[in-house]
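Working through the structure, step by step
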Amino acid sequence: MDEVTGAQLIAEALKSQNVEYMFGIVGVPIIEVAMAAQAAGIKYVGMRNEQAACYAASAIGYLTGWPAVCLVVSGPGLIHALGGMANANVNCWPVIVIGGSSDRNQETTGAFQEFPQVEACRLYSKFSARPSNLEMIPAVVEKAVRSSIYGRPGACYIDIAGDMVNAKIDRTSVRFVSCCPAPPVSQADSREITQAVRLLKAAQRPLIIVGKGAAYARAEKEVRELVEVTGIPFLPTPMGKGVLPDDHSNCVAAARSRALSQADVVVLLGARLNWILHFGFPPRFSPDVKIIQLLETVRSESWGFRSDSQWWAALRDKITANAQISKTLALQSTLPMNYYTAFHHISELLPKDCVIVSEGANTMDISRTMLLNHLPRHRLDAGTFGTMGVGPGFAIAAAVLEQTQKSAQRVVCVEGDSAFGFSGMEVETMCRYKLPIIIIVINNNGIYSGVDPETWKEMEQMGDMTTIAPPVTLLPEARYEQVMSAFGGCGYLVRAVEELRSALQESLKNTEMPSLINVLIDPASDRKQQEFPWLTRSNL
């Protein structure tokens, strides 16, 4: 008999579905699954937290269009991964979570880490199931992979009972399943396209919004053709950046508020009218705006929007005015630095082809406007779910992918100090696998804002800090760079522009180990004055 274990069946089934990457934390009962995956040729990356492992696996799904696996233990291990599953589902990124669970003959008896895992995951995934026996494993794996990429992509869960992992079965009795085909391409109705073109031709102030769905669909060639044939200004969403380069002449990201509020016809490409786009509601949008929601591009061979129109003039005026405000803030020479000064000098040194991962409040928002993207799928951030803690996991996924592809593109992870704290221990993972990620922590001593060391000392002398310290404060000038140094990476503490530039230049030269640059900025530093509050609230 040619016997095969349940662990081997899982690994072989994943490999037959062209799954190449697995992230996770091993323990009873799924250690053998990770080992079998490696034996089958799947790359396994051991992480320090299940949430970060799920973030990393889902980022692979976004970057490649094909799911990776997050492997977790039962009970608490799976519960920790639920945050990553929810984030993947809201972002529409494919990922497969495989969780070990209690033995089948111990169900409802209070088994070790027993938890209703299949039922729980139905709230956070598109598909959640446990194979009823070993013979069904390949079919369930195929269905999970197919479900994760078909329709709106998302998370899928496979539950593996502990006693199935090492159980054996004759290979000839297993029905192996061939790899599922790529998801079918949806086509817009030709009549709808004609109507959309007619609406665009009549527009006085047209605008194209490019979302991360266009990046996921690898539609950069078609989107560029649409923009350049029609001459319409475009606005990228945060992860739509790079589908067309941020420095493209038609990009109006620097006049975002004006473009949204005054456009009379908006074409949505791979974007949703959610909170990121203020739901399409006034005052952020014109009350009379016409919105075309398409996943495919529209084109007209005989029409282009005039570059000398009043609409283009108004947008260029706003771009110039905003650029001048940002430049004034960036060139301030006072210490501590502000956000704009730090990002100005970082932007001057970053390679154009680097992958930028970013999270935090002001850190993410300001870096989005100042750290330009030139290539598609080269920006990863908190995304549609606004999830903090995704940065290190996303950076690890991008670095593993770049390492496999041998592209030599650098991964730069720009973190607020609060955001870094969610998954900061993953710097050990970076060091263990020698992933040359550059982490830049923009450290303002708090969540949104903090206090300076002198104020902190005064508060400590006043009594119990649990009743005195503002809830948004963190330890002033925390030495995050020493966390990286402790595991063998390179850590830098910088206060001034010269130190920042030197540390970043050294980090870019270092292709052997990760680096962390701890940038101390003014705790009171803030975004430039905004025309609207960051979140549009509806009265409907």
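What you see is a predicted model, and the numbers here were worked out from it, not measured in a lab.

Attention now moves to the sheet that holds strand E4 (residues 69–72). Strand order in this open sheet of 6 strands is E3-E2-E4-E5-E7-E6, and the pairing throughout is parallel. At either margin of the open sheet sits one strand with a lone partner, and together these are strand E3 (43–46) and strand E6 (127–129). Pairwise comparison of adjacent strand axes, ignoring direction, gives a mean angle of 20 degrees for this sheet. Examined bridge by bridge, strand E5 (residues 95–101) and strand E7 (residues 155–161) share 7 bridges and lie parallel to one another. Looking at E7, one finds that Gly99 is bridged to Asp159. Taken strand by strand, helix H4 (residues 76–91) contacts E4, E5 and E7, and its axis lies near 160 degrees from that of E7.

A few words now on the sheet that holds strand E13 (residues 355–359). Ordered by their spatial adjacency, 6 strands build an open sheet running E14-E13-E15-E16-E20-E19, and the pairing between neighbours is parallel. Each edge of the open sheet is held by one strand with a lone partner, namely strand E14 (379–380) and strand E19 (490–494). Inspection of the sheet shows E13 paired to E14 by 2 bridges, in the parallel sense. Within E14, the residue paired with Ile356 across the bridge is Arg379. Strands in contact with helix H15 (residues 391–405) are E13, E14 and strand E15 (411–416); relative to E15, the strand with the most contacts, it is inclined by about 175 degrees.

Time to look at unusual backbone geometry. A cis amide bond links Val28 to the next residue, Pro29, at an omega of 10 degrees. Position of Pro29 among the secondary structure elements: in the loop between strand E2 (21–24) and helix H2 (31–39). For the peptide bond that leads from Pro282 to Pro283, omega is 10 degrees, which places it in the cis range. Within the secondary structure, Pro283 is located in the loop between strand E11 (265–269) and strand E12 (290–294). The phi angle at Gln113 is positive, at roughly 55 degrees, despite the residue not being glycine. Examined against the element boundaries, Gln113 turns out to sit in the loop between E5 and helix H5 (117–121). Gln113 gets classed as partly exposed once you look at its relative accessible area, which sits at 26%.

We now examine helix H1 (residues 6–16). Quick reminder: α-helices carry 3.6 residues per turn. Residues three or four places apart thus point the same way. Within H1, the full set of buried residues consists of Gly6, Ala7, Leu9, Ile10, Ala11, Ala13 and Leu14. Remark: Asn18 follows H1 within two positions and exhibits a positive phi of approximately 65 degrees.

Right, let's talk about the environment of Glu477 for a bit. For Glu477, the position within the fold is in the loop between helix H19 (465–468) and helix H20 (480–486). For the pair formed by Glu477 and Asn443, sequence separation is 34 residues and the distance between their alpha carbons is 7.1 Å. Excluding its chain neighbours within four sequence positions, the residues that come into contact with Glu477 are Asn443, Asn445, Pro453, Arg495 and Leu520.

Another aspect to go through is the side chain of Asp381. Here Asp381 is to be found in the loop between E14 and H15. Within the structure, the side chain of Asp381 is placed 3.1 Å from the side chain of Arg379, a separation counted as a polar contact. Within the structure, the side chain of Asp381 is placed 2.9 Å from the backbone nitrogen of Gly383, a separation counted as a polar contact. Other than its neighbours up to four places away in sequence, Asp381 contacts Pro238, Met239, Ser358, Met364, Val390 and Phe394.

The next thing to look at is the pairing of E4. Taking every second residue as pointing to the same face, both faces of E4 are buried, with Val69 and Leu71 on one and Cys70 and Val72 on the other. One ladder, built from 3 bridges, connects E2 with E4; its direction is parallel. Among the inter-strand pairings, Gly24 is bridged to a residue of E4, identified as Leu71. Where E4 and E5 come together, 4 bridges link them in parallel fashion. Each residue of the ladder has a partner; that of Leu71, found in E5, is Ile98.

Below, the discussion takes up the nonpolar core. By size, the foremost hydrophobic cluster in this structure holds 137 residues, and its most contacted members are Phe23, Ile437 and Ile439. The greatest single-element share of this core, amounting to 10 residues, is contributed by helix H3 (residues 50–64). Counting 29 residues, the second-largest nonpolar core is a separate cluster that includes Ala330, Val412, Val494 and Val497.

Reading the values: rules and limits
Within each chain, residues carry numbers counting from 1 in the order of the written sequence. Per-residue local features of the predicted model are confined to residues with pLDDT of at least 70, and side-chain atom pairs are confined, for both listing and counting, to 80 or more; whole-chain, interface and lining totals are unaffected and use all residues. Excluding hydrogens and water, the side-chain figures rest on all heavy atoms present in the structure. Following DSSP output, two strands are said to pair if at least two bridges run between them. By definition, any uninterrupted DSSP run of H or I lasting at least four residues is a helix, any uninterrupted run of E lasting at least two residues is a strand, and each is numbered from the N terminus. Orientation is described by lines fitted to C-alpha atoms, with helices fitted over the stretch in contact, and by angles between N-to-C directions that extend from 0 to 180 degrees. Only heavy atoms enter the contact rule, under which two residues are in contact if any of them lie within 4.5 Å. Here the term buried applies to any residue with accessible area under 20% of the maximum for its type, exposed to any over 50%, and partly exposed to those in between, with areas from a 1.4 Å probe on protein chains only. Two N or O atoms count as a polar contact when they lie within 3.5 Å, although within protein this holds only if one can serve as hydrogen donor and the other as acceptor, and sequence-adjacent residues are included solely when both atoms are side-chain atoms. The definition of a nonpolar core used throughout is a set of buried Ala, Val, Leu, Ile, Met, Phe, Trp, Tyr and Cys residues joined through side-chain atoms within 4.5 Å.

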